[in-house]
Structure formats: structure tokens, C-alpha cells
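Letter by letter, the chains look like this.
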Amino acid sequence: MYISIKPVDLDKAYRLLNHGPTVLVSARHDGVDGVMAAAWACALDFDPPKLTVVLDKSTATRGLVEGSGQFVIQIPTAAQLELTYQVGSRSLSDEPGKLAASGVELFALGDADLPFVAGCSAWLACRLIPEPHNQQAYDLFIGEVTAAWADDRVFRDGRWHFEDADPAWRSLHHVAGGHFYGIGEALTRK
């Protein structure tokens, strides 16, 4: 089922985020899985690879990240637009069946005890680097990427290949409310 998922070298992991996609954040703690959408995620460092993501205090997934000290950043596809919107607009705190109601399928990847969202184009397993001041004051979380994978139908040889893939594989870029853009055509400097 997941034969097209390949490991990504950690020195290339930042490339999974450098085009600014909306991401899905997932975490597991005390037997509870959570998934939320986040529009503000960014590559931060190369060696070791690190990223930042903003997780609002009101989200249940944030509590799972803080409790477990680990999380996954996923790159959802255009085919997952409705799923992305649903996990971003529903709360696990109010709706314990949020993941099933939103159509989320979880699977295991690698050795980590983490929930990975099926159907995405890339996954970055992260260890939380605790920065209590940033987390409380700015909702800003830092993760060290410990492993990364991508679907080789759209990411291979250390690069995205959106221009060669079915448009359903395009990444999502949130604007406001339920409005997103899919990544556009490739432009190369001559």
C-alpha cells in the first residue's frame, strides 16, 4: 500500500517545507491521537534539521505534543483539501470522534510511536525542543527532524516534482477561512 513512500535524507528534509505549504500536525499521548492543520510551519535549520510550527493554546493536539515531546509534520495534498479543512476547523476537545469524522486514516512509519496521516506527500517525524517562553508567549514550537519520508510520485532525488505529478498531488497553501491555493507551475531561471 505504501510502496511509493521513501526515506528522505535528513540533509534534504528542509526542502519538504521550503515552499510554504499548509501542514498537518499529528501527535500521540496516553493512547490519544490528534491531528490538526497549521498554516504557519517553516524550516529553521539544516544540521540537525529543525522546523518551527505555530500551535494555538486552544488546540488539543498541542497538549499531545507537549505531553509526548514528539510530533509529525505532514504535507497534505490537493486531494486532501476537505480533510485538511475538517481537521483545522474541528476540535478533538469538543469532538472525540474528530479524526474518523474528518476521514483521517493513520498508519505507522519507521520505528517511532507516532501517528502518520495516510495520503500525504511527505512526513517529518520530530522531537520537541522545549522552549517554554516561545511556546507560551508566541505559541511557537521547535522540532528537531529525526526522520523524513516522501512519496516518490511527487518528491524524489531531493526535490519536489509537482510539474510531473497529477494535480491531486499539489500541496495546499491556506489563505483564509476555507480558501486555499494549490502550488502552481514550475518556473526555472534561465
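Parameters and conventions
Residues numbered from 1 in each chain as written. Predicted model: local features only at pLDDT ≥ 70, side-chain atom pairs only at ≥ 80, totals over all residues. Heavy atoms only, no water. UniProt positions renumbered as here; feature names shortened; annotations may be inferred. Helix = DSSP H or I, 4+ residues; strand = E, 2+ residues; numbered from the N terminus. Buried < 20%, exposed > 50% of the residue type's maximum accessible area, 1.4 Å probe, protein only. Contact = heavy atoms within 4.5 Å. Pairing = 2+ DSSP bridges. Phe/Tyr/Trp six-rings, centres within 6.5 Å; stacked < 30°, edge-to-face > 60°.

Looking up the protein in an unreviewed UniProt entry gives the name NADH-FMN oxidoreductase RutF, flavin reductase (DIM6/NTAB) family, with the organism given as Pseudomonas straminea. Listed in UniProt under the heading Sequence similarities (unreviewed entry), the comment for the protein reads: "Belongs to the flavoredoxin family." UniProt annotates the protein under Cofactor (unreviewed entry) with the comment "FMN".

Engineer: Just to check I follow, could you spell out the side chain of Q135 for this structure?
Structural biologist: Secondary-structure assignment places Q135 in helix 4 (residues 132–138). For Q135, a relative accessible area of 8% puts it in the buried group. In this view, Q135 contacts K57, R62, E66, L128, I129, P130, L140 and F141; residues no more than four positions away in its chain are not counted.

Engineer: Is there a simple way to think about the environment of A38 in this case?
Structural biologist: Here A38 shows up in strand 3 (residues 32–38). When the C-alpha positions of A38 and D164 are compared, they lie 26 Å apart, and in sequence the two are 126 residues distant. Apart from residues no more than four positions distant in its own chain, A38 is found in contact with T22, V23, V25, V53 and V54.

Engineer: Is there a simple way to think about the pairing of strand 3 in this case?
Structural biologist: Regular strands place their side chains on alternate faces of the sheet. Relative to strand 3, strand 2 (residues 23–29) runs antiparallel, the two sharing 7 bridges. Across the sheet, residue S26 finds its bridge partner in strand 3, namely V35. Between the end of strand 2 and the start of strand 3, which pair antiparallel, lie 2 residues, with D30 showing a positive phi angle near 50°.

Engineer: How should I be thinking about the packing of aromatic side chains in this particular structure?
Structural biologist: Where two aromatic rings form a pair, the distance of their centres and the angle of their planes describe that pair. The full count for this structure, using the stated rule, is 6 aromatic pairs. Look at F116 and W149: their rings are 5.5 Å apart centre to centre, the planes differ by 90°, and that puts the pair in the edge-to-face class. Of the two residues, F116 is situated in strand 8 (residues 116–117) and W149 in strand 10 (residues 140–151); the sequence distance between them amounts to 33 residues. Exposure remark for F116: the relative accessible area of 0% places this residue in the buried category. The class of W149 is buried, set by a relative accessible area of 11%. Taking 5.0 Å as the distance between ring centres and 75° as the angle between the ring planes, the aromatic pair formed by F155 and W160 counts as edge-to-face.

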